[in-house]
Amino acid sequence: MAEQPKTATKTKYDTSIIRPQMRSEDFAMRGEGFAPQRLTAIRKGLRTLHTLELMAQTIYKFQLTKEKNEVNRQLVAAMCNEMGHYQDFQVKLYEYGFRPSIFRAAYWAVGFVFGFGSRLLGRKAIFKTGIWVESKAVRHYAELLETVEWDEETRRVIEKDQADEDGHVQRWRALLEQA
């Protein structure tokens, strides 16, 4: 029997909020006094999340069609949410004094292939791609939450974004059942 994916189904976060509000005081320079190993793990984790969110938003961008329908509305909302996650991790990278990966363009290319390819295959393929990618994201977030010693503010951002990804899985599953 396959292991059940780790999910954020029962969450304290409101996943109907697509882009949480941020204020000037929410930004801080981070990592002062952290051990080098801890900073290395944080940098790797943030770069991973940043590049995967680039891939996710690109998938949704290339799944969109010109039609004015509920599927496209949901794709736009999901894309916007993923763009917010991408910004979350870019901000955290810079708060720690890190830079995004120079290889992130490869994740854009993978996102294009998955997004455009699933669009060509139809709605069910779009939903199945979303379920597959977002389920992997939920598991990846869980692994990084368990293995990296995050500061509390960054941990909360990661937990909220993980809850959003789980919300996407639930949304695409419901739409697939209706299709």
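Let us look at the structure shown here. Remember, predicted model here, so these are calculated numbers, not experimental data. (Residues numbered from 1 in each chain as written. Predicted model: local features only at pLDDT ≥ 70, side-chain atom pairs only at ≥ 80, totals over all residues. Heavy atoms only, no water.)

**Structural notes on the environment of Glu 53**
Here comes step 1: Residue placement: Glu 53 occurs in helix 1 (residues 36–63).
Here comes step 2: With a relative accessible area of 3%, Glu 53 lands in the buried category.
Here comes step 3: With 29 residues separating them along the chain, Glu 53 and Glu 82 place their C-alpha atoms 5.9 Å apart.
Here comes step 4: Excluding anything up to four places from it in sequence, Glu 53 contacts Glu 82, His 85, Tyr 86, Phe 89, Tyr 141 and Glu 165. (Helix = DSSP H or I, 4+ residues; strand = E, 2+ residues; numbered from the N terminus. Buried < 20%, exposed > 50% of the residue type's maximum accessible area, 1.4 Å probe, protein only. Contact = heavy atoms within 4.5 Å.)

**Some points on the packing of helix 1 against helix 2 (residues 70–95)**
Here comes step 1: Two numbers describe how helix 1 lies on helix 2: the axes approach to 8 Å, and their chain directions differ by 160 degrees. Taken together, the axes of helix 1 and helix 2 are roughly antiparallel relative to one another. At the point where helix 1 passes helix 2, the crossing takes the left-handed sense. Two secondary-structure elements touch here, helix 1 through Arg 43, Leu 46, Arg 47, Leu 49, His 50, Glu 53, Leu 54, Ala 56, Gln 57, Tyr 60, Lys 61 and Gln 63 and helix 2 through Asn 72, Leu 75, Ala 78, Met 79, Glu 82, Met 83, His 85, Tyr 86, Phe 89, Gln 90, Lys 92 and Leu 93.
Here comes step 2: Here the contact of helix 1 with helix 2 is built from residues that sort into twelve nonpolar, six polar and six charged. (Axes fitted to C-alpha atoms, helices over the stretch in contact; angles between N-to-C directions. Parallel < 35°, antiparallel > 145°, perpendicular 65-115°, else oblique. Left-handed = near helix turned anticlockwise from the far one by under 90°. Nonpolar A, V, L, I, M, F, W, Y, C, P; charged D, E, K, R; others polar.)

**Quick look at the packing of helix 4 (residues 123–147) against helix 5 (residues 152–178)**
Here comes step 1: At a closest axis distance of 8 Å, the pairing of helix 4 and helix 5 adopts a crossing angle of 155 degrees. Overall, the two elements helix 4 and helix 5 adopt an arrangement that is roughly antiparallel. Here helix 4 runs over helix 5; the crossing is left-handed.

**Some thoughts on the packing of aromatic side chains**
How two aromatic rings sit relative to each other is given by the distance of their centres and the angle of their planes.
Here comes step 1: A full pass over the atoms with the stated rule returns ten aromatic pairs.
Here comes step 2: Ring-pair connections join several aromatic residues into one group, and the members of that group are Phe 62, Trp 108, Phe 112 and Phe 116.
Here comes step 3: Taking NZ or CZ as reference, Arg 38 lies 3.6 Å from the ring centre of Phe 34, over its face. (Phe/Tyr/Trp six-rings, centres within 6.5 Å; stacked < 30°, edge-to-face > 60°. Lys NZ or Arg CZ within 6 Å of the ring centre and 35° of its normal.)

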